[in-house]
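Topology and contacts: notes
Chain residues, written in single-letter form:
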Amino acid sequence: MIEFKNLSLTYPNGTKGLKNINIKINEGEFVVIVGLSGAGKSTFIRSINRLVTPTEGDLLVDGENILKHNGKSLRELRKKVGMIFQNYNLVKRSTVLKNVISGRLGYTGTLKSILNMYSKEDMNMAYENLKRVNIEEKLYSRADELSGGQQQRVSIARVLTQKPNVILADEPVASLDPPTSHQVMTYLRQINKEDKITTIVNLHFIDMAMEYADRIIGMRAGEVVYDGPVSEVTEKT
Ligand code: ADP
Ligand code: ADP
């Protein structure tokens, strides 16, 4: 479970990214955060794996206050809480396979990744995860030879390879056309159901949020201004 308790984040220049957020997200939920640009969606998501650090309150992940984390505990948190980005964040000149295996081994430093020598188990795991998003035929393509939709699918395979309990997706479809966006959202939703991975996605289109979410959190100016199931949003609009 993820719990925000009186959580606020003020950036060094004084901008308030989050204002006194109190919210609980249960295991296995598929939550979509909606709001205009600047509403605080990205700050909300990035707080959960400490890409940004809230300045007041508590943020609990599986009962641990992650605001106290550093070094080793932060690395463990980021292994457990995987992330997908708007611009995929793949290593462009590297192969799809190498990108996906990095979810498991990390890129730099490990002898295996320097020598491109992976165990059969590493390869199998990467291949199985690529199959889940139907992109296994691109195994040996360079990441930058793929379309945006394909790159985002590879980034989903990469995050699966790290075996997370939570997936954070920060505007994962903002650079994609509508059909490709639906395809990516469908994969995220399917993986959430099958693997029971808690999934939190930022979107700036309410229609798409309503199509995929169990629960919608609406943000405006750093505050949560709506929190409820999709059915209630429909009744009120
Ligand atoms: P969203 O994801 O909804 O577009 P953000 O979380 O990115 O919103 O931003 C929330 C607010 O914090 C905005 O006013 C934004 O300009 C500000 N902000 C975001 N990142 C920084 C930063 N690194 N330094 C200062 N202000 C920031
Ligand atoms: P998807 O719907 O899966 O994202 P697209 O229909 O956008 O795929 O792309 C179709 C084909 O065009 C893909 O096989 C992809 O490799 C290729 N392609 C798309 N964009 C690029 C690009 N920027 N550079 C090279 N190849 C691309």
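Residues numbered from 1 in each chain as written. Chains lettered and ligands numbered in written order. Predicted model: local features only at pLDDT ≥ 70, side-chain atom pairs only at ≥ 80, totals over all residues. Heavy atoms only, no water.

Under an unreviewed UniProt entry, the name given to the protein chain is Phosphonate transport system ATP-binding protein, and the source organism is Aquibacillus albus.

1. Considering the overall build of the protein chain
Scanning the protein chain from N- to C-terminus turns up 9 helices and 10 strands. Compactness check: the protein chain gives a C-alpha radius of gyration of 18 Å against a globular reference of 18 Å for 237 residues, within 12% of the reference. Viewed in the frame of its principal axes, the protein chain has a C-alpha envelope of about 50 × 40 × 30 Å. Evaluated residue by residue, the protein chain yields a buried proportion of 51% over its 237 residues. Within the structure as shown, the protein chain displays about 11,500 Å² of accessible surface, and the carbon and sulfur contribution to it stands at 50%. (Helix = DSSP H or I, 4+ residues; strand = E, 2+ residues; numbered from the N terminus. Rg over C-alpha atoms; globule rule 2.2 N^0.38 Å. Buried < 20%, exposed > 50% of the residue type's maximum accessible area, 1.4 Å probe, protein only. Areas by Shrake-Rupley, 256 points an atom, 1.4 Å probe, with all protein chains shown as cover.)

2. Some words on the site of ligand 1
Around ligand 1, the neighbouring residues are Tyr11, Asn13, Thr15, Leu36, Ser37, Gly38, Ala39, Gly40, Lys41, Ser42 and Thr43. The backbone of glycine 38 places a nitrogen or oxygen atom 2.7 Å from an oxygen atom of ligand 1. Contact distances for ligand 1 include 3.0 Å between an oxygen atom and a backbone N or O atom of glycine 40. In isolation ligand 1 exposes 560 Å². Once the protein is present, 62% of that is buried. Among the residues making up the shell around ligand 1, the classes are represented as 3 nonpolar, 7 polar and 1 charged. (Near = heavy atom within 4 Å. Polar contact = N/O pair within 3.5 Å; in protein donor to acceptor, adjacent residues only side chain to side chain. Nonpolar A, V, L, I, M, F, W, Y, C, P; charged D, E, K, R; others polar.)

3. What about the packing of aromatic side chains?
Taken as a whole and judged by the stated rule, the model has 1 aromatic pair. Ring geometry for phenylalanine 4 versus phenylalanine 44: centroids 4.3 Å apart, planes at 15 degrees, classification stacked. With phenylalanine 4 in strand S1 (residues 2–10) and phenylalanine 44 in helix H1 (residues 41–48), the pair connects residues that are 40 residues apart, well separated along the chain. There is no split in this pair, since phenylalanine 4 and phenylalanine 44 are both buried. (Phe/Tyr/Trp six-rings, centres within 6.5 Å; stacked < 30°, edge-to-face > 60°.)

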